[in-house]
Amino acid sequence: MKKSMVGFLVIALCLGMLAGSGAVAANAPSDVLATSNPTSSGDGASVLASAFSDEELQMLRALQFHDYRHMTIAEFQNKVWEMTDTPEYSELLSRFSKDEALYALRDSDETAAFIYYVLVPLTKEKWQSHTYCGAASSDFPTGQDNARLEYTYTLTILAADKVKVKDYCDTCVNVRDAMNSMMLDRMQEQLQSEEYMLAELKTFVDGILPHFQTPELTVAIEYAYFPLSAAEEDGAVPEDKAAHRTTPHGTESDYRSLLALKTPDYREMSLADFNAALFHWADEDHERMERIDEDGRWDDCQVPLSEDERSFVELTVFLSGMENGQAVRSAYTGKTENDPWHYQQLPPRFGASGGRSGYCALYYHFSWHIADKEAITVGERDRQISGMMKAVQDFWNETDTEELLKMAEVDIVAKLQEIAAEYSTSNITLTTSEDHVQFENIK
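Residues numbered from 1 in each chain as written. Predicted model: local features only at pLDDT ≥ 70, side-chain atom pairs only at ≥ 80, totals over all residues. Heavy atoms only, no water.

### A closer look at the overall build of the protein
What counts here: Going along the chain from the N terminus, every DSSP run of H or I of four or more residues is numbered as a helix, and every run of E of two or more is numbered as a strand. Whether two residues touch is decided by their heavy atoms; if any such pair falls within 4.5 Å, the residues are in contact. Note that accessible areas follow from Shrake-Rupley with a 1.4 Å probe, and for residues the cover is restricted to the protein chains shown.
Looking only at helices and strands, one finds 20 helices and 8 strands in the protein. Excluding contacts between residues fewer than 6 apart, the proportion of contacts in the protein whose partners are at least 24 apart in sequence is 76%. Accessible surface computed for the protein: about 21,600 Å², of which carbon and sulfur atoms make up 50%.

### Description of the nonpolar core
When a protein is soluble and globular, its nonpolar side chains tend to lie buried together. The line we're drawing: For this analysis, a nonpolar core means a set of buried residues of the types Ala, Val, Leu, Ile, Met, Phe, Trp, Tyr and Cys, connected via side-chain atoms within 4.5 Å. The buried label applies to any residue whose accessible area, calculated with a 1.4 Å probe on protein chains only, is under 20% of its type's maximum; exposed applies above 50%, and partly exposed to all values in between.
In this structure, Phe76, Tyr153, Tyr168, Met179 and Ile221 are the most contacted members of the largest nonpolar core, which totals 67 residues. Ranked by residue count, the leading element in this core is helix 9 (residues 110–123), at 10 residues. Not counting residues up to four positions away in its chain, the partners in contact with Met179 are Leu149, Tyr151, Leu201, Phe204, Val205, Ile208, Ile221 and Tyr223. Trp281, Cys360, Tyr364 and Trp368 belong to the second-largest nonpolar core, a separate cluster that totals 46 residues.

### Here we look at helix 6 (residues 73–83)
Let me state the cut-off plainly: Arc, as used here, means the arc of the directions from the helix axis to the C-beta atoms.
Among all positions in helix 6, only Ile73, Ala74, Phe76, Gln77 and Val80 are buried. What you see down the axis of helix 6 is that its buried residues fit within an arc of 160°, all on one side.

### Considering the packing of helix 9 against helix 10 (residues 165–181)
Here is the rule we go by: Geometry is summarised by axes, namely lines fitted to C-alpha atoms with helices restricted to the contacting stretch, and by angles between N-to-C directions that run from 0 to 180 degrees. Oblique is the label for any angle not covered by the other classes, which are roughly parallel (under 35 degrees), roughly antiparallel (over 145) and roughly perpendicular (65 to 115). The handedness criterion is simple: a crossing whose near helix is rotated anticlockwise from the far helix by less than a right angle is left-handed, and one whose near helix is rotated clockwise is right-handed. Put simply, Ala, Val, Leu, Ile, Met, Phe, Trp, Tyr, Cys and Pro go in the nonpolar bin, Asp, Glu, Lys and Arg in the charged bin, and everything else, Gly too, in the polar bin.
Running from amino to carboxyl end, helix 9 crosses helix 10 at an angle of 115°, the nearest separation of the two axes being 11 Å. Comparing the axis directions of helix 9 and helix 10 gives the class roughly perpendicular. Crossing handedness for the pair helix 9 and helix 10: right-handed. Mapping the contact onto sequence places Tyr117, Val118, Pro121 and Leu122 in helix 9 and Val165, Tyr168 and Cys169 in helix 10. Of the residues in the contact of helix 9 with helix 10, the class split is 7 nonpolar, no polar and no charged.

### Considering the packing of helix 18 (residues 378–398) against helix 20 (residues 409–422)
Where helix 18 contacts helix 20, the axes come no closer than 9 Å and their chain directions differ by 145°. When you trace helix 18 past helix 20, the crossing you get is right-handed. In this structure, helix 18 uses Met388, Ala391, Val392 and Phe395 to contact helix 20, whose residues at the interface are Ile412, Lys415, Leu416, Ile419 and Ala420.

### So, the pattern of salt bridges
Heads up, the rule is: Think of a salt bridge as a Lys or Arg side-chain nitrogen and an Asp or Glu carboxyl oxygen that are within 4 Å of each other.
What the rule picks out here adds up to 17 salt bridges. Where Asp382 meets Arg381, a salt bridge forms, and the shortest distance between an N and an O atom there is 2.7 Å. Comparing Asp382 with Arg381 shows no difference in burial state: the two are buried. Its salt-bridge partner being Lys415, residue Glu418 comes within 3.5 Å of it at the nearest N-O pair. Here Glu418 and its partner Lys415 are both found in helix 20, 3 residues apart, which amounts to about one turn of the helix. Each of the salt bridges in this network shares a partner with another, and the network as a whole consists of Arg69, Lys166 and Asp170.

### A closer look at the packing of aromatic side chains
Condition: Each pair of aromatic rings taken from Phe, Tyr and Trp, with Trp reduced to its six-membered ring, is defined by centres within 6.5 Å and is described as stacked if the planes are under 30 degrees apart, edge-to-face if over 60, and tilted in the remaining cases. Sitting over a ring, as applied to charges here, requires NZ of Lys or CZ of Arg to be within 6 Å of the ring centre and within 35 degrees of the ring normal.
Considering all chains together, one arrives at 12 aromatic pairs under this definition. Centre to centre, the rings of Phe65 and Phe76 are 5.9 Å apart; their planes meet at 70°, and the pair counts as edge-to-face. Placement of the pair is Phe65 in the loop between helix 5 (54–61) and helix 6 and Phe76 in helix 6, with a sequence separation of 11 residues. The exposure class of Phe65 is buried, given its relative accessible area of 6%. By relative accessible area, Phe76 is classed as buried at 0%. Through a chain of ring-to-ring contacts, three or more aromatic side chains come together here, namely Phe65, Tyr68, Phe76 and Phe114. Here the basic side chain of Lys79 rests over the ring of Phe65, its NZ or CZ set 4.7 Å away from the ring centre.

### Quick word on the environment of Ser257
What counts here: Two N or O atoms count as a polar contact when they lie within 3.5 Å, although within protein this holds only if one can serve as hydrogen donor and the other as acceptor, and sequence-adjacent residues are included solely when both atoms are side-chain atoms.
In this fold, Ser257 is placed in helix 14 (residues 252–259). As a C-alpha pair, Ser257 and Trp281 span 24 residues in sequence and 8.2 Å in three-dimensional space. With sequence-adjacent residues up to four places away left out, Ser257 is seen in contact with Trp281 and Arg288. Within the local environment of Ser257, its side chain forms a polar contact with the backbone oxygen of Asp254, the two atoms lying 2.6 Å apart.

### Side note on the confidence of the model for the protein
Here is the rule: pLDDT is a residue-level measure of predictor confidence that goes from 0 to 100.
In this model, the protein carries a mean pLDDT of 81, and residues with pLDDT of at least 70 account for 82%. When pLDDT is averaged over each helix and strand of the protein, the minimum, 36, is found for helix 1 (residues 5–15) and the maximum, 97, for strand 7 (residues 429–431). Low pLDDT, under 50, characterises residues 1–22; the predicted model gives this stretch 39 contacts beyond four residues in sequence or across chains. Taken as a whole, residues 34–41 scores under 50 in pLDDT and shows 18 contacts with residues more than four places along the chain or in a different chain.

### Thoughts on the environment of Phe395
Assignment of secondary structure puts Phe395 in helix 18. Contact partners of Phe395, with chain neighbours within four places excluded, come to Leu404, Met407, Ile412, Lys415, Leu416 and Ile419.

### Observations concerning the pairing of strand 3 (residues 148–157)
The cut-off we apply is this: When DSSP finds at least two bridges between two strands, those strands are taken to pair.
The buried fraction of strand 3 is high, at 8 of 10 residues. Note that strand 2 (residues 129–137) and strand 3 share 9 bridges and pair antiparallel. Paired with Ala136 across the two strands is Leu149, which belongs to strand 3. By the bridge criterion, 10 bridges tie strand 3 to strand 4 (residues 217–226) in an arrangement that is antiparallel. Within the sheet, the bridge partner assigned to Glu150 lies in strand 4 and is Ala224.

### Side note on the side chain of Glu380
Quick note on the threshold: Note on charges: Lys and Arg go in the positive column, Asp and Glu in the negative column, and His and the chain ends are not counted at all.
With respect to the secondary-structure elements, Glu380 resides in helix 18. Although Glu380 is buried, it forms no salt bridge, and the closest oppositely charged side chain is Arg383 at an N-O distance of 5.5 Å. There is a polar contact of 3.1 Å between the side chain of Glu380 and the side chain of Asn427.

In C-alpha cells form, the structure reads like this:
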C-alpha cells in the first residue's frame, strides 16, 4: 500500500507525544473536554491512587479552577504558572505528563483528559501551537478490510487574552468530529479509491477550515488516506478508476441495446412488464450488463448520452435493477421479497449560529414499497422517487444554514418523513426512519 509523506508525518507526531508533549491523540470524547469540573473514576482513579499520593492529587486538582473553561487562556495560564512556580509542582507535573498508564486513559478518564488536552497544551513552554493527531476507519466487520484516515491538526493561539479555554477545547472537538465524519457511510468503491477520497478530503478540508479559523485562533490540518484493499490478484491498490475496474467500459452497442427498452410509451408500461423486459435484457448477456453497471458505479460512462437517455439509465434502469435484485434474492432464498432502498449523501453546509461558526452534513437512505407492480406505471414510480430526492435536496439547499445549525437530528428525521409521506401514493410507499438518518451538526 502506498503511503504519502503526510502519512509518515502523522505517525511520527502521534508516536512523539510522550517524548515532547507536542502532539496528542485527538480522540477525547467531547463530554470529557466539555466537563467544567472533571473528576476521576474507575481505572483512572485506580491509576492515580497507585502512582500519586493524596496530597499530590490535591495539588493537581487545585489547578482545575472553578469555571476554568470560561477563563481566557491568558487568565488560565497566569493562574497555573503562578501556582506551579515551585520545585514541588515542577517535579509533580513532570511525573504526571510522563506517566504512561495515565496517558493511556486520556480518552476515558476526566483527570487524564484535563492533563493531556488542557493543562499540557496551554501551559507548556511553547504553548502558542499544539498539534493533535487522530484517526478514523471505515466500519466493515473485518478490521484488516477497513480504510483508514490519519490526520493531524495544529491549533495556534494568536491572542491568548481573547480566546477562552472553552473555545479552544470546542475547536479541538469540532475539528476532530468533522474529520471523523468523512469516513461515515462511504461506499466500498469510494473507499477503495485513494484518488477519489483525497479529492473529497481536500474539498472538505478547504470548506471547513474558514469556519474554524478566527483572528485569535488558527487551525492547520494535514492528513493521509490509506484505502480499502481492492480484491485483485497482485494485492496492489489501484490509483485511478481504470485500475479499479474489473470489466471494460460499456460499449456503444451495449448502451444501444439497453436504450431499446426506452420505447416511446415506456413510462405508461406497468412496472411488472418493464422490470420483466429489463430482466430479460440482463439475462441475455450478463457481461454487457456488468459493463454498464460498473460504468454507473464509477460514474465512468464513455458513450455519449443525451440528458433524457442518461436519466433513463441512471434513474429508471437503476431503480428497476434494484427491484429485480430483491426479486431474484427472494426467489433464491425462498424468503419474502425485501423492499429496495437507496442511499443519499448531501453536501456539507457551512455557516454560523449564535456568533459561532459551524457546519452540518446529512446522510440518509430511504426504501420504497410497491404492493402490486401491475398496478403502478414506470412513470409514477420514477416521478415519486425522483420527486422525493429532489424535495430533500431542495430542503437542504434552500434552508438557511443558521436554521439548520439550530436543528437536531429528530427535526431532520421528521422533515424527511414528511417529504416521504408527501411523495407516497396508494401504489408506492416511501419510507425513512431515525435509524436511517445521520445528521452531523457541529458548531
